[in-house]
Amino acid sequence: MAQMTMIQAITDALRTELKNDENVLVFGEDVGKNGGVFRATDGLQAEFGEERVFDTPLAESGIGGLSIGLALQGFRPVPEIQFFGFVYEVMDSISGQMSRMRYRSGGTHINPITIRSPFGGGVHTPELHADSLEGLIAQQPGIRVVIPSTPYDAKGLLISAIRNNDPVLFLEHMKLYRSFREEVPEEEYTIDLDKADVKREGTDVTLIAYGAMVHACLKTADELEKDGISAEVIDLRTVSPLDIDTIITSVKKTNRVVVVQEAQRQAGVAANVIAEIQERAILHLEAPVLRVTAPDTVYAFSEAEEVWLPNHKDIIEKVNRVMNF
């Protein structure tokens, strides 16, 4: 075991798959000699060569098209979109092409593409860099959306994503890149995609989140425990498709739920989670399922983002409401 940050775990996963499969290619803006804007690919070009780890022009649409073509020729592309706020430039490749390839070809072609991209707030980035746009892709059939919250999960999920024969959007929250370390096996391992993780067992209320909000929920659970409230924390890890079974099992145990996302309220992952709970387990609920989200406005400029972003105090307020309903 080694103590790793999330960025180190991601680099380790990329190195593992570059070693394991000569068809794995890593490319994007500044990922080569510079090692990426966050150094996620640091040292990989020197180790594996410029033909397997290489820079692209500053053109997300070109990165998407290149990924599709390479996948159809038997490669396993791992492109990086430097910041997920720039995803609009590559939406046709993602939603109109790679996610439809298996269906369009009657199962004769696969697109084993893993798109990596940083996202998320709390680190004072410029405009368009921190937006949480996972809901745009979660609505698109044919592509998974995976969002790890820990270094251990990041390595295991990324290896699984690269080995998967369908496209995966792998989103990495910028605030988690270097915020803490944990033990991560140095050898290779995988974590099943489409499987949520119960990060903390509880009996009174279920907190459901993903990405950085998992840690806000864990902090909330610690504070609630002082007041005698036992909170269960579920990390979705894959937000599309959802692990419905894990969610409903927890709902039937605690009978109260708060769903948390950093993204704006309208049409987000949280809304879908709540709809699934209402349809499948409404008779097990002792209170309405509540949401904690960012407001439905454009992401705030960095001077105001701490006010704009949801936090553990917002979660506690909603928990108190469901407990006292």
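Residues numbered from 1 in each chain as written. Predicted model: local features only at pLDDT ≥ 70, side-chain atom pairs only at ≥ 80, totals over all residues. Heavy atoms only, no water.

Q: Help me out: how do you make sense of the overall build of the protein chain in this one?
A: When helices and strands are counted, the protein chain shows 12 helices and 14 strands. Its C-alpha atoms give the protein chain a radius of gyration of 19 Å, within 12% of the compact-globule value 20 Å for 325 residues. Within the protein chain, buried positions represent 59% of all 325 residues. Intrachain contacts of the protein chain at a sequence separation of at least 6 include 82% that bridge at least 24 residues. Distance from the positive charge centre (31 side chains) to the negative charge centre (49 side chains) of the protein chain: 3 Å. (Helix = DSSP H or I, 4+ residues; strand = E, 2+ residues; numbered from the N terminus. Rg over C-alpha atoms; globule rule 2.2 N^0.38 Å. Buried < 20%, exposed > 50% of the residue type's maximum accessible area, 1.4 Å probe, protein only. Contact = heavy atoms within 4.5 Å. Lys, Arg positive; Asp, Glu negative; His and termini not counted. Charge placed at Lys NZ, Arg CZ, Asp CG, Glu CD.)

Q: Please clarify how helix α12 (residues 312–323) should be interpreted in this entry.
A: Two residues of an α-helix separated by three or four positions point the same way, owing to the 3.6 residues in each turn. With 12 residues, α12 ought to run about 16 Å at 1.5 Å a step, and its terminal C-alpha atoms sit 16 Å apart, in line with that. Those residues of α12 that fall on the buried side of the exposure criterion are H312, I315, I316, K318, V319 and V322. Mapping the buried residues of α12 onto a view down its axis gives an arc of 165°, with all of them on the same face. Those residues of α12 that are buried are in contact with β10 (205–209), α8 (213–226), β13 (257–264) and β14 (290–294). N-capping of α12 is provided by N311, with a side-chain oxygen placed 2.9 Å from the backbone N of K313. (Expected span 1.5 Å × (residues − 1). Arc of directions from axis to C-beta. Polar contact = N/O pair within 3.5 Å; in protein donor to acceptor, adjacent residues only side chain to side chain.)

Q: Is there a simple way to explain the nonpolar core in this structure?
A: Here is a general trend for soluble globular proteins: nonpolar side chains tend to be buried in one another's company. By size, the foremost hydrophobic cluster in this structure holds 46 residues, and its most contacted members are I208, L236, V273 and I277. Looking at this core, the elements with two or more residues in it are β2 (24–28), α3 (60–72), α4 (91–97), β5 (114–119), β7 (168–173), α9 (244–254), β13 and α10 (269–281). Of the residues forming this core, the biggest block, 6 residues, is contributed by α10. If sequence neighbours within four positions are ignored, I208 has contacts with I234, L236, I247, V257, V258, V259, V260, V273 and I277. Within the second largest apolar cluster, 34 residues are counted, among which are F48, V78, I159 and Y177. (Core = buried A, V, L, I, M, F, W, Y, C linked by side-chain atoms within 4.5 Å.)

Q: Would you mind showing me how to read a negative patch on the surface here?
A: Where like charges cluster on the molecular surface, the negative patch consists of D30, E50, E51 and D55. You can see D30 is positioned in the loop between β2 and α2 (44–48). (Patch = residues over 30% accessible without salt bridge, like charges linked within 9 Å, V, L, I, M, F, W, Y side chains within 5 Å. Areas by Shrake-Rupley, 256 points an atom, 1.4 Å probe, with all protein chains shown as cover. Salt bridge = Lys/Arg side-chain N within 4 Å of Asp/Glu carboxyl O.)

Q: Mind showing me how you'd approach the sheet that holds β10 here?
A: Each strand in a sheet pairs with another by means of backbone hydrogen bonds, the pair being arranged parallel or else antiparallel. Judged by pairing direction, the sheet is mixed, and its 5 strands sit side by side in the order β9-β11-β10-β13-β14 without closing on themselves. Across the chains shown, the open sheet's two edge strands, defined by having one partner strand only, are β9 (197–200) and β14. In this sheet, neighbouring strand axes are inclined to one another by 25° on average, regardless of whether the strands run parallel or antiparallel. α9 rests against β9, β10, β11 (231–235) and β13 of the sheet, and its axis sits at about 175° to β11. Against the sheet, α10 engages β10, β13 and β14, with an angle of about 155° to β13. (Pairing = 2+ DSSP bridges. Axes fitted to C-alpha atoms, helices over the stretch in contact; angles between N-to-C directions.)

Q: Quick question: what am I supposed to make of the side chain of E29 here?
A: Assignment of secondary structure puts E29 in the loop between β2 and α2. Buried and without a salt bridge, E29 has R116 as its closest oppositely charged side chain, separated by 12 Å. Excluding its chain neighbours within four sequence positions, the residues that come into contact with E29 are T56, P57, L58, A59, E60, I63, E80 and Q82.

Q: Sorry if this is basic, but what is going on with the pairing of strand β4 (residues 76–80) here?
A: For a regular strand, side chains alternate in direction, first toward one face of the sheet and then toward the other. In terms of burial, β4 is largely enclosed, as 5 of its 5 residues are buried. Side chains of β4 alternate between two faces, with R76, V78 and E80 and P77 and P79 buried alike. As defined by bridge partners, β2 adjoins β4 across 5 bridges and the pair is classed as parallel. Following the sheet pairing, F27 is matched in β4 by P79.

Q: Even after reading the chapter, I still don't get unusual backbone geometry, so can you show me in this structure?
A: Excluding glycine, residues mostly carry a negative phi; peptide bonds, for their part, are mostly trans. Cis geometry marks the peptide bond from S240 to P241; its omega dihedral reads 0°. Mapped onto the elements of the fold, P241 is located in the loop between β12 (238–240) and α9. Residue H124 is not a glycine yet carries a positive backbone phi of 60°. Along the chain, H124 falls in the loop between β5 and α6 (134–138). For H124, a relative accessible area of 48% translates into the label partly exposed. Even without a glycine there, the phi angle at L128 is positive, about 80°. Structurally, L128 can be placed in the loop between β5 and α6.

Q: I tried to follow the packing of α8 against α12 on my own but got confused; where do I start?
A: The packing of two helices is summarised by the inter-axis angle and the distance between the axes. Here α8 crosses α12 at 55°, and the two axes come no closer than 9 Å. Overall, the two elements α8 and α12 adopt an arrangement that is oblique. In the packing of α8 onto α12, the handedness of the crossing is right-handed. Contact residues: α8 offers A216, C217, K219, T220, E223 and L224, while α12 offers H312, I315, I316 and V319. Within the contact of α8 with α12, the residues separate by chemical class into 6 nonpolar, 2 polar and 2 charged. (Parallel < 35°, antiparallel > 145°, perpendicular 65-115°, else oblique. Left-handed = near helix turned anticlockwise from the far one by under 90°. Nonpolar A, V, L, I, M, F, W, Y, C, P; charged D, E, K, R; others polar.)

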